[in-house]
Amino acid sequence: MWIFRKRLRDAYQSCLQKDLKPNPFPMAATIARMNPLQFKDKNPYQTPSIAVDLPRRWSHPCTRIKRRPSTLFAQLNDEGPRLRVAYQGVPGAYSESAALTAYPNCEPVPRPDFETCFLAVESGLVDRAVLPIENSLGGSIHRNYDLLFRHRLHIVGEKKLLIRHCLLANPNVKVEDLKSVHSHPQALAQCENTLTNLGMVRVAVDDTAGAAKDDSYSVTRFIMLARRKPIISGTDKPFKTSIVFSLEEGPGKLCKALDVFDKAKINLTKIESRPLQKQASWTLTDNIIGFPKCFGYMFYADFEASMAENRTQDAMGRLEELATSLRVFGSYRADDHSFQ
């Protein structure tokens, strides 16, 4: 943008030297035509040029300036300029490996916790965030499910990473002499059997790279988050969609909601309930007299289909009729890599 302004200033000075009377309003109009919001309906995987037409009386030194859009908008293309990708932990953490696997040419940006990763993307400090969402041994990372609901980011992809924890200690220390192990709560959960057999006290810390750990292999699924919703360009490859919805209280309500996927022949790969925060109060339901309702629940679900498919749109339409709320977190290419 600085180069563009310099060229406009040079053209303006050139007009003055030629006794021309440049009008500042065409300049404002020219800049207004460069508003990058004009690309909001374009394919984000194509990086267009911005063509700026100067007024005819400003024909010297140039009549047309072409430049690439600013880095912010070129970064909509993952193959473009180097992306800044936030992850939770310190350099060397599994989350950094996941970020580099998802975006090989990225600049990894460590953040102290999960929420600061969300905030970094929302504020524009980084372009993406790569965060763990579930592990084959430890289960779901509930904190990130709650943050997905609280923030307005979009899931734009997923990556699965093979995890192997190792128990580290100082030189010449025997395993039987160890009394405690420090690691992230998820890593401790994944190594629960081994640590129990060793009789060690578990101490939770912020991340695995700053601690010591061990168990057999496990797989962690990471999601990639962005501010902007991507344009789905086809269904030639396996897609996955993540949603959250809530239902009225009553018998058979969840069964009817799940039947929507069965009728559409959509494979539901995951469903998880989480309490609706700010609604923990004792009330009486309308349809079951005298039955106390303590919590309301949200249902997070993943299924194997793209929002570009007619069957998915029909299913979401039927689910919306049954649900009290429905939100699509994202529709993205599935990571179908299998680990042996």
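Keep in mind the model is a prediction, meaning the values are calculated, not measured.

1. Description of the nonpolar core
Nonpolar side chains in soluble globular proteins tend to be buried together.
So, step 1. Core analysis: the biggest nonpolar cluster contains 25 residues, and Phe118, Ala129, Leu131, Leu148, Ile155 and Leu225 have the highest contact counts within it.
So, step 2. Elements supplying a minimum of two residues to this core: helix 5 (114-123), strand 5 (128-135), helix 6 (142-150), strand 10 (218-226), strand 15 (297-304) and strand 16 (323-333).
So, step 3. Per element, the largest residue contribution to this core is five residues, and it comes from helix 5.
So, step 4. Once you skip the residues sitting within four places of it in the chain, Leu131 turns out to touch Gln88, Phe114, Cys117, Phe118, Asn144, Arg221, Phe222, Ile223 and Leu225.

2. Observations regarding the pattern of salt bridges
So, step 1. The full count for this structure, using the stated rule, is 13 salt bridges.
So, step 2. The partner of Glu107 in a salt bridge is Arg84, with the nearest N and O atoms 3.0 Å apart. Here Glu107, found in strand 4 (residues 107-111), pairs with Arg84, found in strand 3 (residues 84-88); they are 23 residues apart in sequence, far enough to count as distant.
So, step 3. Among the salt bridges present, the one from Glu134 reaches Lys270, with a minimum N-O distance of 3.4 Å.
So, step 4. Several salt bridges converge on common partners, so that one network encompasses Glu134, Glu158, Arg221, Lys240, Lys270, Glu272 and Asp302.

3. Brief notes about the confidence of the model for the chain
So, step 1. Mean pLDDT over the chain stands at 75; residues scoring 70 or higher make up 66%.
So, step 2. Long-range and interchain partners of residues 18-80, a stretch whose pLDDT sits below 50, account for 89 contacts in this model, where long-range means more than four residues apart.
So, step 3. Every residue in residues 280-290 is under pLDDT 50, and counting partners more than four places away or in other chains gives 19 contacts.

Calculation notes
- Residues numbered from 1 in each chain as written.
- Predicted model: local features only at pLDDT ≥ 70, side-chain atom pairs only at ≥ 80, totals over all residues.
- Heavy atoms only, no water.
- Core = buried A, V, L, I, M, F, W, Y, C linked by side-chain atoms within 4.5 Å.
- Buried < 20%, exposed > 50% of the residue type's maximum accessible area, 1.4 Å probe, protein only.
- Helix = DSSP H or I, 4+ residues; strand = E, 2+ residues; numbered from the N terminus.
- Contact = heavy atoms within 4.5 Å.
- Salt bridge = Lys/Arg side-chain N within 4 Å of Asp/Glu carboxyl O.
- pLDDT = per-residue confidence, 0-100.

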